[in-house]
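# Examining the three-dimensional arrangement
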Amino acid sequence: MAEAVESPGDPETTTSRPLMRDLKAVGKKFMHVLYPRKSNTLLRDWDLWGPLILCVTLALMLQRGSVDSEKDGGPQFAEVFVIVWFGAVTITLNSKLLGGNISFFQSLCVLGYCILPLTMAMLVCRLVLLAEPGPINFMVRLFVVIIMFAWSIVASTAFLADSQPPNRKALAVYPVFLFYFVISWMILTFTPQ
Amino acid sequence: MLQQDSNDDTEDVSLFDAEEETTNRPKKSKIRHPVASFFHLFFRVSAIIVYLLCELFSSSFIACMVTIILLLSCDFWAVKNVTGRLMVGLRWWNHIDEDGKSHWVFESRKASPQEGKTVSEAESRIFWLGLIACPVLWVVFAFSALFSFRVKWLAVVIMGVVLQGANLYGYIRCKVGSRKNLTSMATSYLGRQFLRQTTGDTQTSSGE
């Protein structure tokens, strides 16, 4: 977690200043994902708090069944966690092997933050599923998921594609596409039975 | 020595100050940041306790997992940003420069003769004890989860190992500094401990 330079070892520094600074940094990055434009903010000051929050939120929303029962969705929670983090690490390794000049944690940061649109899609899908099931229900969810999936791809490639040499951009972007596709698939096929 | 005594007299008495200690000895064994020390240990120990006892108290795996994740995250943030700086004067972070290269920076506060800026031994002991014992426990849990096939806990346990191991590694690098290497530091530390035990040394080392 990149920090601003503070006075070294000042014993009177409270905890509230680093806390507010980190919270503001996370909020700023969420804004950058929602309105992607070419900027270095996501890359320069990386942090992994946003991806952690998004991952936990997504995993909680993807639970099926009641929370108190014996087989209470435990494996699905861990499954979402593993897919997100293992997928992000794999993409990062892939882009490093292709010769990209982005560091390990920066890449994880970007991929994690760009899950935000899909998390919003999950929220919308859960609300839509409260209405009666049917083809219209499904079409609405499909439409929302496709839009958010495209948004995630655009946001992440805006940050990641620049770090690759021009002839390798497609090779680096293709696993990102697969990663968000798998998450979108999990969201679309979710039924709260 | 006498100048230090007058400084000590005007300082506030902290929670763990031993009143019967003579004022000839510099007071370095009191805890200056009781809240930081408490929270340094609180999050780590609660995460371990919740992990061990969750099957007894709650039938919901999810609630336990989310609680442990929350505690581990709070602990990581607190130890990295607050307690290391306050208790032992060390800090570490990552800095990305203009060219996009990432540098890891490890810093330790220079010992100064002012009373407010030295490291107290009690706090240092608490800090390092908490920092070292907990990741070791999480590694033990990882092996036990693996070999008893309770694989659904592996995600949380691995997260514990990674987060707490990262702090441990960062602070050890800060302590060792960029010049010495780990083996020479370990040898000198063990040598000093051995010497202290054999000579029954009770004097505190001056300035660290």
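Residues numbered from 1 in each chain as written. Chains lettered and ligands numbered in written order. Predicted model: local features only at pLDDT ≥ 70, side-chain atom pairs only at ≥ 80, totals over all residues. Heavy atoms only, no water.

## Remarks on the overall build of chain B
We apply this condition: Strands are runs of DSSP state E lasting at least 2 residues, helices are runs of H or I lasting at least 4, and numbering of each runs from the N terminus. It only takes one pair of heavy atoms within 4.5 Å for two residues to be counted as in contact. Per-residue and other accessible areas were derived by the Shrake-Rupley procedure at a 1.4 Å probe size, with only the shown protein chains allowed to occlude residues.
In terms of regular secondary structure, chain B is built from six helices and two strands. Listed by position from the N terminus, the elements making up chain B come as α-α-α-β-β-α-α-α. Here the analysis covers contacts within chain B between residues at least 6 apart in sequence; of these, 67% occur between residues at least 24 apart. Surface accessibility of chain B: about 12200 Å² in total, with carbon and sulfur atoms responsible for 65%.

## Overview of the packing of aromatic side chains
Where we set the bar: Two aromatic rings from Phe, Tyr or Trp, using only the six-membered ring of Trp, form a pair when their centres are within 6.5 Å; if the ring planes differ by under 30 degrees the pair is stacked, by over 60 it is edge-to-face, and anything between is tilted. Relative accessibility decides the category of a residue: with a 1.4 Å probe and only protein chains considered, values under 20% of the type maximum give buried, values over 50% give exposed, and everything between is partly exposed.
In the structure shown here, the tally under the stated rule is 26 aromatic pairs over all chains. Seen from their ring centres, tryptophan 46 of chain A and phenylalanine 105 of chain A are 4.8 Å apart, and the 10 degrees between their planes marks the pair as stacked. With tryptophan 46 of chain A in the loop between helix H2 (41-44) and helix H3 (49-61) and phenylalanine 105 of chain A in helix H5 (residues 104-113), this pair connects stretches of sequence that are 59 residues apart. Judged by centre distance (6.1 Å) and plane angle (70 degrees), the ring pair of tryptophan 46 of chain A and tryptophan 104 of chain B falls under edge-to-face. In this pair, tryptophan 46 of chain A sits in the loop between H2 and H3 while tryptophan 104 of chain B sits in strand S2 (residues 102-108), so the two residues belong to two different chains. Under the relative-accessibility criterion, tryptophan 46 of chain A is labelled buried at 4%.

## Comments concerning a nonpolar patch on the surface
Quick note on the threshold: Patch definition: residues with relative accessible area over 30% and no salt bridge; like charges joined within 9 Å; nonpolar side chains (Val, Leu, Ile, Met, Phe, Trp, Tyr) joined within 5 Å. Whenever Lys or Arg places a side-chain nitrogen within 4 Å of a carboxyl oxygen from Asp or Glu, that contact is recorded as a salt bridge.
Among the surface-exposed residues, Leu41, Val45, Ile49, Leu52, Leu53, Leu56 and Phe57 of chain B lie close enough to one another that they form a single nonpolar patch of about 680 Å² accessible area. Mapped onto the elements of the fold, leucine 56 of chain B is located in helix H2 (residues 34-57).

## Focus: the packing of helix H7 (residues 135-160) of chain A against helix H8 (residues 169-188) of chain A
Residue and element names in this part refer to chain A. This is how it is decided: Only the stretch in contact is used when fitting a helix axis, every axis being a line fitted to C-alpha atoms; angles between N-to-C directions are given from 0 to 180 degrees. In these notes the angle categories are as follows: under 35 degrees is roughly parallel, over 145 is roughly antiparallel, 65 to 115 is roughly perpendicular, and the rest is oblique. Helix crossings are classified by the rotation of the near helix relative to the far one: an anticlockwise turn of less than a right angle makes the crossing left-handed, while a clockwise turn makes it right-handed. Residue classes follow a fixed rule: Ala, Val, Leu, Ile, Met, Phe, Trp, Tyr, Cys and Pro count as nonpolar, while Asp, Glu, Lys and Arg count as charged, and any other residue, Gly among them, counts as polar.
In contact at an axis separation of 10 Å, H7 and H8 are set at 155 degrees when each is read in the N-to-C sense. When the axes of H7 and H8 are compared, the pair comes out roughly antiparallel. Of the two possible hands of crossing, H7 and H8 adopt the one that is right-handed. Of H8, the residues touching H7 (which contributes Phe138, Arg141, Leu142, Val145, Phe149, Ser152, Ile153, Ser156, Thr157 and Leu160) are Val173, Val176, Phe177, Tyr180, Phe181, Ser184, Ile187 and Leu188. Taken together, the residues that form the contact of H7 with H8 break down as 13 nonpolar, four polar and one charged.

## Things to note about the pairing of strand S1 (residues 90-96) of chain B
Residue and element names in this part refer to chain B. Rules: Pairing between strands is defined by DSSP: at least two bridges between the two strands are required.
Of all seven residues in S1, six are buried, a share of seventy percent or more. Direction of pairing for S1 relative to S2: antiparallel, over a ladder of seven bridges. Looking across to S2, one finds that histidine 95 is bridged to histidine 103. Between S1 and the antiparallel strand that follows it, S2, lie five residues; glycine 100 among them carries a positive phi value of about 85 degrees.

## A look at the environment of serine 152 of chain A
Residues and elements named next belong to chain A. Mapped onto the fold, serine 152 is located in helix H7. Spatially, the C-alpha atom of serine 152 lies 15 Å from that of isoleucine 91, the residues being 61 residues apart in sequence. Apart from the residues lying within four places of it in its own chain, the contact partners of serine 152 are Cys114, Pro117, Leu118 and Tyr180.

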